[in-house]
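Each chain, letter by letter, is given below.
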Amino acid sequence: MHPEQSDSGMPNTKYIFVTGGVASSLGKGIISSSLAKLLQARGFSVTIQKLDPYINVDPGTLNPYEHGEVFVTDDGAETDLDLGHYERFLNVPTSQANNVTTGRIYLTVIEKERRGDYLGETVQVIPHITDEIKYRIQLLGKEGKYDFIITEIGGTVGDIESLPYIEAVRQLRWEMSSDCLVIHLTLVPFLAAAGELKTKPTQHSVKTLLEQGVQPDIIVCRTEKPLNDNLKNKIALFCNVEPSSVIESIDAESIYDVPLLMHKEKLDIEVLRKTRMSLRREPDLKKWEDFLFRLKNPQNEVEIGLIGKYVELKDAYKSINEAITHAGAANQCKVKVRLVHSENINEISIREKLKGLQGILVAPGFGERGVEGKILAIQYARENKIPFLGICLGMQCAVIEFGRNVLGLEKAHSTEMNPNTPYPVIDIMEEQKKVSMKGGTMRLGAYPCEIKENSKAASIYDSRNITERHRHRFEFNNAYFEQYEKAGFVPSGINTQTHLVEIIELTNHPWFIGIQFHPEYKSTVAKPHPLFVGFVGAAIQYKSKKV
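Just so we're clear, the structure is a prediction, and the values are computed from it rather than from any experiment.

**Student:** Could you give me a rundown of the packing of aromatic side chains, with the residues and numbers involved?
**Tutor:** A complete count under the given rule lists 14 aromatic pairs for this structure. Chaining the aromatic ring pairs together yields one cluster made of F89, Y256, W288 and F291. A cation over an aromatic ring shows up here: K225 above the ring of F190, its NZ or CZ 5.0 Å from the ring centre. A cation over an aromatic ring shows up here: R443 above the ring of Y447, its NZ or CZ 5.0 Å from the ring centre.

**Student:** Just give me the short version of helix α12 (residues 318–330), but keep the residues and values in it.
**Tutor:** Turn by turn, an α-helix covers 3.6 residues, leaving residues three or four places apart pointing in a common direction. Between the first and last C-alpha of α12 there are 19 Å, a value that for 13 residues agrees with the 18 Å anticipated at 1.5 Å per step. Of all 13 residues making up α12, 10 are buried, and the element is well covered by its neighbours. Looking only at α12, the buried set comprises K318, S319, I320, E322, A323, I324, H326, A327, G328 and A329.

**Student:** Go over the pattern of salt bridges with me, naming the residues and quoting the values.
**Tutor:** This model, assessed by the stated rule, comprises 39 salt bridges. In this structure, the salt-bridge partner of R42 is E282, at a minimum N-O distance of 4.0 Å. Of the two residues, R42 sits in the loop between α1 (28–41) and β2 (46–52) while E282 sits in the loop between α10 (267–274) and α11 (286–296), which places them 240 residues apart along the sequence. Accessibility expressed as a relative area gives 1% for R42, which makes it buried. Between E401 and R382 there is a salt bridge, and its shortest N-O distance comes to 2.7 Å. Within this pair, whereas E401 is found in helix α15 (residues 393–405), its partner R382 is found in helix α14 (residues 371–383), the two being separated by 19 residues in sequence. For the pair formed by E401 and R382, the shared burial category is buried. What you see here is one network of salt bridges that share partners, running through K50, D52, D80, D82 and E152.

**Student:** Go over helix α4 (residues 102–115) with me, naming the residues and quoting the values.
**Tutor:** Compared with the 20 Å implied by 1.5 Å per residue over 14 residues, the 20 Å span of α4 between its first and last C-alpha is a close match. T102, G103, R104, I105, T108 and V109 are the residues of α4 that are buried. Where α4 is buried, its residues touch β2, β5 (99–101), α5 (125–139) and α6 (163–176). A positive phi of about 85° marks G116, the residue just after α4.

**Student:** If you had to explain a nonpolar patch on the surface to someone new, which residues and values would you point to?
**Tutor:** A cluster of nonpolar side chains, Y106, I110, V125 and I126, forms an exposed patch at the surface whose accessible area comes to about 340 Å². Looking at the nonpolar patch, the elements with two or more residues in it are α4 and α5. Position of Y106 relative to the elements: it lies in helix α4.

**Student:** How would you explain the nonpolar core if you had to name every residue and give the values?
**Tutor:** Counting 43 residues, the largest nonpolar core has I16, L39, F148, I150, I183, L267 and V271 as the members making the most contacts within it. A per-element tally of this core places α1 first, with 7 residues. Setting aside residues no more than four positions away along its own chain, I150 makes contact with I16, V18, S32, L35, A36, L39, V46, T47, I48 and Q49. Judged by nonpolar contacts, the second largest core, of 42 residues, contains I386, V425, F512 and Y542.

**Student:** Any details on empty space enclosed by the protein? Residues and values, ideally.
**Tutor:** This structure, assessed with the given rule, holds 3 cavities of 30 Å³ or more. A volume near 50 Å³ is recorded for the largest cavity. If you trace the largest cavity, you find it lined by G365, F366, C392, L393, Q396, E416, H472, R473 and F474. The residue inventory of the lining of the largest cavity, partitioned by class, reads 4 nonpolar, 3 polar and 2 charged.

**Student:** Residues and numbers for the sheet that holds strand β10 (residues 218–223), please.
**Tutor:** The strand order across the open sheet formed by 7 strands is β5-β2-β6-β1-β7-β10-β11, and the pairing between neighbours is parallel. Edge positions in the sheet fall to β5 and β11 (246–250), since each of these pairs with one other strand and no more. Sheet twist, expressed as the mean angle between neighbouring strand axes with direction ignored, is 20°. Pairing geometry for strand β7 (residues 180–187) and β10, over 5 bridges, is parallel. Residue pairing across strands places H184 opposite I219, the latter belonging to β10. Strand contacts of helix α3 (residues 82–90): β2, β5 and β6 (148–153), with the helix running at about 170° to β2, the strand carrying the most contacts.

Each value, and the rule that gives it
- Position labels on residues start from 1 in each chain and follow its written sequence.
- Residue-level local features of this predicted model are given only where pLDDT is at least 70; pairs of side-chain atoms are given and counted only at 80 or more, and the full residue set underlies all totals for whole chains, interfaces and linings.
- Heavy atoms throughout the structure, all of them, feed into the side-chain values; hydrogens and water do not.
- Between rings of Phe, Tyr and Trp, where Trp is taken as its six-membered ring, a pair exists when centres lie within 6.5 Å; planes separated by under 30 degrees are stacked, by over 60 edge-to-face, and by other angles tilted.
- Each ring is checked for a lysine NZ or an arginine CZ that lies within 6 Å of its centre and within 35 degrees of its normal; such an atom marks a charge sitting over the ring.
- Counting from the N terminus, the helices are DSSP H or I runs at least four residues long and the strands are E runs at least two residues long.
- For a helix, the expected span equals 1.5 Å multiplied by the residue count minus one.
- Categorising residues by exposure relies on relative accessible area from a 1.4 Å probe, with only protein chains included: less than 20% of the type maximum marks a residue as buried, more than 50% marks it as exposed, and the intermediate range marks it as partly exposed.
- Salt bridges are defined by distance alone: a side-chain nitrogen of Lys or Arg within 4 Å of a carboxyl oxygen of Asp or Glu.
- Throughout, a residue-residue contact means that at least one pair of heavy atoms, one from each residue, lies within 4.5 Å.
- Think of a patch as exposed residues, more than 30% relative accessible area, with no salt bridge, where like charges cluster within 9 Å and nonpolar side chains (Val, Leu, Ile, Met, Phe, Trp, Tyr) cluster within 5 Å.
- The method behind every accessible area is Shrake-Rupley, applied with a 1.4 Å probe, and residues are considered shielded solely by the protein chains displayed.
- Among buried residues, the Ala, Val, Leu, Ile, Met, Phe, Trp, Tyr and Cys ones that are joined through side-chain atoms within 4.5 Å form a nonpolar core.
- Only protein atoms enter the 1 Å grid, on which a cavity is a set of points fitting a 1.4 Å probe that cannot get out and a pocket is an open set with protein on both sides within 12 Å along at least 5 of 7 lines, lining residues being those with an atom within 4 Å of a point.
- Grid points are joined across faces, edges and corners, and a volume is the space filled by probe spheres set on the points.
- Three classes are used: nonpolar for Ala, Val, Leu, Ile, Met, Phe, Trp, Tyr, Cys and Pro, charged for Asp, Glu, Lys and Arg, and polar for all others, with Gly counted as polar.
- In this analysis, strands are considered paired if DSSP registers two or more bridges between them.
- Whenever a helix is involved, its axis is fitted only over the stretch in contact; in every case the axis is a line through C-alpha atoms, and angles between N-to-C directions fall within 0 to 180 degrees.

Listed below in structure tokens is the structure:
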């Protein structure tokens, strides 16, 4: 599909910028994803990109406590977790081009300066940094595939870090006219003592944006109470927009309600009107509505334990939680997730911590902290025949647990945690041993996997050839391959190019699967991931047998 022609007859990609004001965490990513979904449902081709104002080159080396999870794309880019929202809503893969940080912008400009690309010019924020930002913003548009490119600008208007991005938007608005649109998301707080919604923070936020030379076209107001027409008119008057351009974004029961709420508020119609694009048709949201119906009308309920060491921060396992939500809807089952800190699991506490669970998911992670708790949780799942799913480090811990407790490999471990283990059942890839830069030592992005015939994995995927995304340094040590397989711990998925183990399963367990990759990255509303669907289905079966 090619970009729709403008009034001049030339195909023009439209650029929509989403900025935030008053406070962080208002949901710019969800608003961007919801608008993209509505435009896609009308037949337009849409993609979303995120501009992050921090100086890290990418989020890959950030602590999850700092920034939540790292989302990995097919091409191996370590990106902001908002790209996960974009993919889950649109069911369209993103790439390195969809996420740009200040660090990457400055790194590129400095590298150009060192090469002499600027021919001795004094390198400055304007024009060199802003030109690089503008180039990155328009990179996706040059592919000629998209009618709309929605760009979410991280941070809050007024932050020093985001000033170059806002300046780039100002310049693009001047250059592009009606091919460029700015949506400003703000907060309209409710003061309980006064019993009133207050518009002053929104007015001040827009004023700050105006001081930087940008007039928003549409203002989306995050609120916990409905906005009446008087409040909308007041915001419109003081912020220089039409009343129809003031959009209410009321707190929702689920993030998946937001596209329907935005459609009810006519956000998509306002965007199309202001960019001079045809309405085409009413958005086709039937599948989305079916998903919401299944999500909100469950026939079963199960409780799954998520065992990890970052459970205090909700966003640390964002994609896993959303994949569980998708799988719950597919099974028409309400899935309660019990977050269990792996450091709190020991021989004494384990029964109390995991009692009553119908499934145990051991989460990915790096480093030694909390690993022994994960290993104990896996032993509990294996011995009590509880459905188990181990992701990345979760799979590796399953290998360690089986080696120690079934194969008799005392002190078996990963060389990540114990370089001197007598049984290195998990080891670093040979070609990575000489690499010292942390960002360069991982298997990142999509890799092929061939699944063993008649295995549980083959029945779950209904396919023998799959592609999944990776983010890890260490692998199953193939020196132990035959020993594990003979004992019923079957490597059922193999990368045929590198002969690395991708999937393991137990033959004498109803549902025990470990995967070296991250299936949660590919689960979407339109296509819930089969591993999570199977896992939730197994939890339902386990509960019914217990009853």
